[in-house]
Amino acid sequence: MPVRVVDTATPSSQPSSGQDANAGHPPPPSCSLLSAGRCFAGTQNVSSLQKDEAWKVNVRINGCDLEQGYLCGTMEALNVPLADTPVVTFWEGEIVDAKNYTFFTGKWEASPEDDIRHWSKFPSFTPLLSQIETDGGKSLDLSNYAYIFMRWKEQYFVNVGVDCGLTIAGFYYVCFSCSDGSISGFYYDPNSSPFQKLELKCTNEKNSGFTFSSYELQ
């Protein structure tokens, strides 16, 4: 949720993100660290050409369905300069599994070139690149891979108005490590500073889903 630069138009229609891919692929590996109620903490780098800046960030997973390639949660940004209170957003995620979703976004103003450029920021993506260039990754079996790739799209502000000075027009390319629960991500929005990096560690705290601090989700 970077600082708003300009008002964004409604995203143009893009090719399919892969929901019609082959249905025979198994889901990504089941991972106890990627489950409802799991909490993460870290930072998002929002530096621009004018200054270096990073916000503390807390994330909680509220729901996760690996079979459908879906998860959702909340993100809380602390020490945001333009806000008098921590800013909380609700997000929904797509799990790249070559069945429900592929590595190609097909929406949110992201072109295939944008996708490859952002996924390639993750070292764990490199071994998959040649197959993705061949058939879009539809033949990949990610069920035993040590990393889970996702897209997180913030849907709405939970505790502040849309005039808070921040934008949720973009989305995150996310890589999750099944071994230690660490999360790396890069925010994409054509109207924001490029490659804003999200870095999170699992706090080993696990609470019931669908709650976040004292805020009520609508």
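Scroll up a little and you will see the structure.
Definitions and limits used
Residues numbered from 1 in each chain as written. Predicted model: local features only at pLDDT ≥ 70, side-chain atom pairs only at ≥ 80, totals over all residues. Heavy atoms only, no water. Buried < 20%, exposed > 50% of the residue type's maximum accessible area, 1.4 Å probe, protein only. Helix = DSSP H or I, 4+ residues; strand = E, 2+ residues; numbered from the N terminus. Pairing = 2+ DSSP bridges. Core = buried A, V, L, I, M, F, W, Y, C linked by side-chain atoms within 4.5 Å. Contact = heavy atoms within 4.5 Å. Salt bridge = Lys/Arg side-chain N within 4 Å of Asp/Glu carboxyl O. Polar contact = N/O pair within 3.5 Å; in protein donor to acceptor, adjacent residues only side chain to side chain. Arc of directions from axis to C-beta. Phe/Tyr/Trp six-rings, centres within 6.5 Å; stacked < 30°, edge-to-face > 60°.

Regarding the pairing of strand E4 (residues 87-95)
At step 1: Of all nine residues that make up E4, eight are buried, and the element is covered over most of its length.
At step 2: For strand E3 (residues 70-77) and E4, the ladder comprises eight bridges, and the chain directions are antiparallel. Looking at the pairing, Gly73 lines up with Trp91 of E4.
At step 3: As defined by bridge partners, E4 adjoins strand E5 (residues 147-157) across seven bridges and the pair is classed as antiparallel.

Examining the nonpolar core
At step 1: Leu34, Met150, Trp152 and Phe176 are the most contacted members of the largest nonpolar core, which has 23 residues in total.
At step 2: Excluding its chain neighbours within four sequence positions, the residues that come into contact with Leu34 are Ile61, Cys64, Leu66, Leu71, Ile148, Met150 and Phe176.
At step 3: Ranked by size, the runner-up nonpolar core spans 17 residues in total, among them Trp119, Leu128, Leu142 and Phe186.

Here we look at the pattern of salt bridges
At step 1: Scanning the entire structure with this criterion turns up five salt bridges.
At step 2: The partner of Lys107 in a salt bridge is Glu94, with the nearest N and O atoms 2.5 Å apart. Of this pair, Lys107 sits in the loop between E4 and helix H1 (112-119) while Glu94 is found in strand E4, placing the two residues 13 residues apart along the sequence.
At step 3: Across the pair Arg151 and Glu94 runs a salt bridge, and its minimum N-O distance is 3.0 Å.

Side note on the environment of Trp55
At step 1: Mapped onto the elements, Trp55 comes out in strand E2 (residues 54-65).
At step 2: As a C-alpha pair, Trp55 and Asn45 span ten residues in sequence and 6.5 Å in three-dimensional space.
At step 3: A distance of 2.8 Å separates polar atoms of two side chains, one belonging to Trp55 and the other to Glu53.

Points about H1
At step 1: Taken together, the buried positions of H1 are Asp114, Asp115, His118 and Trp119. Within H1, the buried residues cover an arc of 120° as seen down the axis, which keeps them to one side.

Points about the packing of aromatic side chains
At step 1: Inspection of the entire model under this criterion finds 21 aromatic pairs.
At step 2: When the ring of Trp108 is compared with that of Phe171, the centres are 5.0 Å apart and the planes differ by 50°; the resulting orientation is tilted. Of this pair, Trp108 sits in the loop between E4 and H1 while Phe171 sits in strand E6 (residues 171-177); the two residues are 63 residues apart in sequence, bridging distant segments of the chain. For the pair shown, Trp108 and Phe171 are each scored as buried.
At step 3: Each ring, one from Trp119 and one from Phe149, has its centre 5.8 Å from the other, and the planes form 85°; the classification is edge-to-face.

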